[in-house]
Amino acid sequence: MIARRTLAGALGLCALAALSACAPKPVPVAPPREITFTILSAENQASMSPLWTPLLDDMSVQIGVKVKPFFATNYTSLIEAMRFNQAQVGWFSALPALDAVERADAEVLGRVVDAGGDATYKSVIIVRKGSGITLDKLLACGQRYAFGLGDPQSTSGTLAPMAYLFTPKGIEPSKCFKTVRSASHQANAFSVANGVLDVATNNSVGLLFFQRENPKEAARIETIWTSPPLPESSIVARKDLDPAIKEKMRQFFLTYGVGTGPTADRQRLVLKGLAYGGFRPAGNAYLDPIREMQASQALAAAQAGKDPAKIAAAQAAFDKIHAAAASKRAKEPDV
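Predicted, not measured: the structure shown is a model, and the values here were computed from it.

Thresholds, definitions, all that
- Residues numbered from 1 in each chain as written.
- Predicted model: local features only at pLDDT ≥ 70, side-chain atom pairs only at ≥ 80, totals over all residues.
- Heavy atoms only, no water.
- Buried < 20%, exposed > 50% of the residue type's maximum accessible area, 1.4 Å probe, protein only.
- Helix = DSSP H or I, 4+ residues; strand = E, 2+ residues; numbered from the N terminus.
- Disulfide = S-S within 2.5 Å.
- Phe/Tyr/Trp six-rings, centres within 6.5 Å; stacked < 30°, edge-to-face > 60°.

Participant: Could you give me a rundown of helix α4 (residues 94-103), with the residues and numbers involved?
Facilitator: Counting buried residues along α4, eight of its 10 residues qualify, which places the element largely inside the surrounding structure. Just downstream of α4 lies aspartate 105, where phi reads positive at about 50°.

Participant: Describe in detail unusual backbone geometry, supporting the description with residues and values.
Facilitator: Note on backbone geometry: most residues besides glycine have negative phi, and most peptide bonds are trans. The backbone of alanine 275 shows a phi angle near 65°, a positive value even though the residue is not glycine. Examined against the element boundaries, alanine 275 turns out to sit in the loop between α12 (262-273) and β13 (276-281). Overall, alanine 275 belongs to the buried group, its relative accessible area being 13%. Even without being glycine, lysine 306 reaches a positive phi, approximately 60°. Mapped onto the elements of the fold, lysine 306 is located in the loop between α13 (288-305) and α14 (308-331).

Participant: Tell me about the state of the cysteines, and please be specific about residues and values.
Facilitator: Inspection of the entire model under this criterion finds one disulfide. Linked covalently through their sulfurs, cysteine 141 and cysteine 176 form a disulfide whose S-S length is 2.1 Å. A torsion of -100° about the S-S bond marks the disulfide between cysteine 141 and cysteine 176 as left-handed. Linking cysteine 141 in the loop between α5 (135-139) and β7 (146-149) with cysteine 176 in helix α7 (residues 173-176), this pair joins segments that are 35 residues apart in sequence. Neither cysteine 141 nor cysteine 176 differs from the other in exposure class; each is buried.

Participant: Describe the packing of aromatic side chains, listing the residues and the values that go with them.
Facilitator: Counted by the stated rule, this structure contains 13 aromatic pairs. With a centroid separation of 5.3 Å and 70° between ring planes, the pair formed by phenylalanine 252 and phenylalanine 253 is classed as edge-to-face. Each member of the pair, phenylalanine 252 as well as phenylalanine 253, carries the same accessibility label: buried. Put simply, the rings of Phe37, Trp52, Trp91, Phe252, Phe253, Tyr256, Tyr276 and Phe279 touch in pairs and so form one group of aromatic residues.

Here's what the structure looks like:
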């Protein structure tokens, strides 16, 4: 009896082994032959391409996959390219980075720090020097000024001035100013310098590029408002990008321009051209200030509408986002 059971057990194990041998094995996912990296041509492609090409060439060598740039003049195009897998990685400012995370199944690989080591920058409002336009005059409205906002998806060109300046004061730009148009930071800076626009939004990094590329025009501009610090740009990748390639890319950014020797010195020159000091670790929680800013703006709009139900809903949404962000910051203070 024991012998039969032993034999039956052995036959059962053999059958399981046979079934296991016949079962289809997972097919390894082949690494991509090429990766498309998106870049906003906020200034223009002709000036941005020479700045980014050396970094992308270095990345291609380190990760073993060719990386090609994709330039576009608005963030919506870049987000849609990532959403439909026409691009796999990109450099985004904070608001479009959040949109890519929420709409294009992406994740943050790392954040930018500026040449001084700061991981923040600021939105600004600029006027032509000698115009006599002050912040108080601007906020008095009266449809006196031609005003330039940034790309609708721009953190510094649209979200920050709305969230921190206009919405809290109950100001709707289209009703406050004579005309309102949206354009790139460079286009707005040129328009203010040359008197085409009276006032426009911009940011501290954009003005640095403008000063370097167009010193005569930059000398005709002054700042009348500066926002609280904003999260700097980040590197965002699709979640379904090959994990090994994604990790190589993460390590590339975190080590770029670090160390001593001719290679590190050359990489730091590349970063200097981009007005960057390097890259630091970051996750999706890095974008929490943008979530809070959006929720704050929605709450202010609900309060202006004076509908108790909408106010309660907006307040609850803000409280939830604020509490979640505070919890994440406590657990991950570096991201």
